[in-house]
Amino acid sequence: ALWCLMMSVTSTRGCLLDLPWEDILVPHILCHLPLQQLLSLQRVSKSFQSLIQLYLANMRCFDSSQIGPAIPRAAFVNLLKDNEVLQQLALQNCSDWLTDRELLPVIGQNHHLHQIQLKGCAQLSRHALVAISLSCPNLRQLSLAHCEWVDSLSLRSLADHCKALEAVDLTACRQLKDEAICYLVQKCSKLKSLSLAVNANVGDVAVEETAKCCPELEHLDLTGCLRVKNDSIRVLAEYCPKLRSLKVKHCHNVAESSLGILRSRGVELDVEPPLQRALVLLQDVVGFAPFINLQI
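- In the annotation of an unreviewed UniProt entry, the protein chain is listed under the name F-box/LRR-repeat protein 15 and assigned to Grantiella picta.
- Quoted verbatim from the Pathway (unreviewed entry) field of UniProt, the annotation for the protein chain is "Protein modification; protein ubiquitination."
- As stated in UniProt under Sequence similarities (unreviewed entry), the record for the protein chain gives "Belongs to the FBXL15 family."

Written as structure tokens, this is what we have:
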């Protein structure tokens, strides 16, 4: 039905535009159309251009991937210049050009953001995270994966001002050490999902403090955290009864002696039990799975 509306919009634009814009068109019709098609719709007439600008100013969710593989810098600035009601902002496809200059005005005028995705936005700086912490007190989810500009000072600002955080992705934020993670979890005790993957500086101290401070924790990613050992996994099992998944692949100092406790509780792990790993390895080597009779 929406596609038919798009195809016939030129011939029926008088009737369509007679509908209440803010009460009908924006919240009940335009919100169901892909953003890229809405931008094309601006070219129909000046009236439609005004309608789409009204929609953009009242848009609650902006996802750069809806526009295409690459969004021009000027287009991004123009699209969000009048918006002050954003709740979700996803900019994972803007890493080639997105800097503080483009992002900070958007953050500064949108105080209702509760979900921000900045994965791989390598040209930002710590000032972006400070701006987020000061402008977004209701933030619930934040992805900073592969943002190596994140440092301990900017993370402390986030922890001080965004205490309602429930999900944080710090994958490959390699400047962060145990002390910074400990400060975050002490202030943000409502965390349900945390990724510290691909960070050789994270060890048992950070994992144990996370376990003790975040009893609601459900998902923890420690992939490639080489300093994590069995002791902290046991603490995790003791203090996090709601844990549903744990990733410890390439954590060479974590063994089944600690993982078995979580495995027995039904926690999803990304490493197989020792016997199953041995069978898979044997199958890879000799080309077949041996038949093992485990009955006595």
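## What about the state of the cysteines?
Moving on, step 1. For the structure shown, the criterion picks out zero disulfides.
Moving on, step 2. This cysteine, Cys 214, is not joined by any disulfide, and Cys 213 carries the nearest cysteine sulfur, 6.0 Å off.

## Quick look at the pattern of salt bridges
Moving on, step 1. Taken as a whole and assessed by the stated rule, the structure comprises nine salt bridges.
Moving on, step 2. A salt bridge links Arg 126 to Asp 151; its shortest N-O distance comes to 3.0 Å. Of this pair, Arg 126 sits in helix 8 (residues 126-135) while Asp 151 sits in the loop between strand 4 (141-143) and helix 9 (152-161); the two residues are 25 residues apart in sequence, bridging distant segments of the chain.
Moving on, step 3. According to the relative accessible area criterion, Arg 126 is partly exposed, its value standing at 28%.
Moving on, step 4. For Asp 151, a relative accessible area of 14% translates into the label buried.
Moving on, step 5. Notably, a salt bridge pairs Arg 174 with Glu 148, separated by 2.6 Å at the nearest N-O pair.

## Let's talk about helix 6 (residues 73-80)
Moving on, step 1. Among all positions in helix 6, only Phe 76, Leu 79 and Leu 80 are buried. In an axial view of helix 6, the angular spread of the buried residues amounts to 80°, which keeps them on one side of the axis.
Moving on, step 2. Among the structural elements, helix 4 (35-41), helix 5 (46-57), strand 1 (61-63), strand 2 (88-90) and helix 7 (100-108) are those in contact with the buried residues of helix 6.

## Describing helix 13 (residues 256-264)
Moving on, step 1. Turning to helix 13, its buried residues are Ser 258, Leu 259 and Leu 262. Along the axis of helix 13, the buried positions cluster into a sector of 90°, meaning they face one direction only.
Moving on, step 2. Of the surrounding secondary structure, the elements contacted by the buried residues of helix 13 are helix 12 (230-239), strand 8 (245-247) and strand 9 (268-269).
Moving on, step 3. At the exit of helix 13 stands Gly 266, carrying a positive phi of roughly 90°.

## Side note on the packing of aromatic side chains
Moving on, step 1. Applying the stated criterion across every chain, the model contains two aromatic pairs.
Moving on, step 2. Taken together, Phe 62, Phe 76 and Trp 97 form an aromatic cluster joined through their ring pairs.
Moving on, step 3. Sitting over the ring of Tyr 183, Arg 156 keeps its end group 3.8 Å from the ring centre.

## Digging into the nonpolar core
Nonpolar side chains in soluble globular proteins tend to be buried together.
Moving on, step 1. Counting 87 residues, the largest nonpolar core has Phe 62, Leu 222 and Leu 246 as its most contacted members.
Moving on, step 2. Discounting chain neighbours no more than four positions away, the residues touching Leu 222 are Leu 196, Ala 197, Val 207, Val 228, Ile 233, Leu 246, Lys 247, Val 248 and Cys 251.

## A few points about the sheet that holds strand 1
By definition, the strands of a sheet pair up through backbone hydrogen bonds, in either a parallel or an antiparallel sense.
Moving on, step 1. As summarised here, the arrangement of the nine strands in space is 1-2-3-4-5-6-7-8-9, forming an open sheet in which the pairing is parallel. Each edge of the open sheet is held by one strand with a lone partner, namely strand 1 and strand 9.
Moving on, step 2. Of the strand pairs in this sheet, strand 5 (residues 167-169) and strand 6 (residues 193-195) are connected by three bridges, and their pairing is parallel. Its bridge partner lying in strand 6, Val 168 is registered against Leu 194.

## Points about unusual backbone geometry
Moving on, step 1. A positive phi is found at Val 198, a non-glycine position, where the angle reads about 55°.
Moving on, step 2. With respect to the helices, strands and loops of the structure, Val 198 is situated in the loop between strand 6 and helix 11 (204-213).
Moving on, step 3. Of note in the backbone geometry, His 250 takes a positive phi value of approximately 70° without being a glycine.
Moving on, step 4. By secondary structure assignment, the location of His 250 is in the loop between strand 8 and helix 13.

## Side note on the side chain of Asp 151
Moving on, step 1. In this structure the side chain of Asp 151 is engaged in a polar contact, spanning 2.7 Å, whose partner is the side chain of Ser 154.
Moving on, step 2. If we ignore the near neighbours within four places in the chain, the residues touching Asp 151 are Arg 126, Gln 175 and Leu 176.

Analysis parameters
Residues numbered from 1 in each chain as written. Predicted model: local features only at pLDDT ≥ 70, side-chain atom pairs only at ≥ 80, totals over all residues. Heavy atoms only, no water. UniProt positions renumbered as here; feature names shortened; annotations may be inferred. Disulfide = S-S within 2.5 Å. Salt bridge = Lys/Arg side-chain N within 4 Å of Asp/Glu carboxyl O. Helix = DSSP H or I, 4+ residues; strand = E, 2+ residues; numbered from the N terminus. Buried < 20%, exposed > 50% of the residue type's maximum accessible area, 1.4 Å probe, protein only. Arc of directions from axis to C-beta. Contact = heavy atoms within 4.5 Å. Phe/Tyr/Trp six-rings, centres within 6.5 Å; stacked < 30°, edge-to-face > 60°. Lys NZ or Arg CZ within 6 Å of the ring centre and 35° of its normal. Core = buried A, V, L, I, M, F, W, Y, C linked by side-chain atoms within 4.5 Å. Pairing = 2+ DSSP bridges. Polar contact = N/O pair within 3.5 Å; in protein donor to acceptor, adjacent residues only side chain to side chain.

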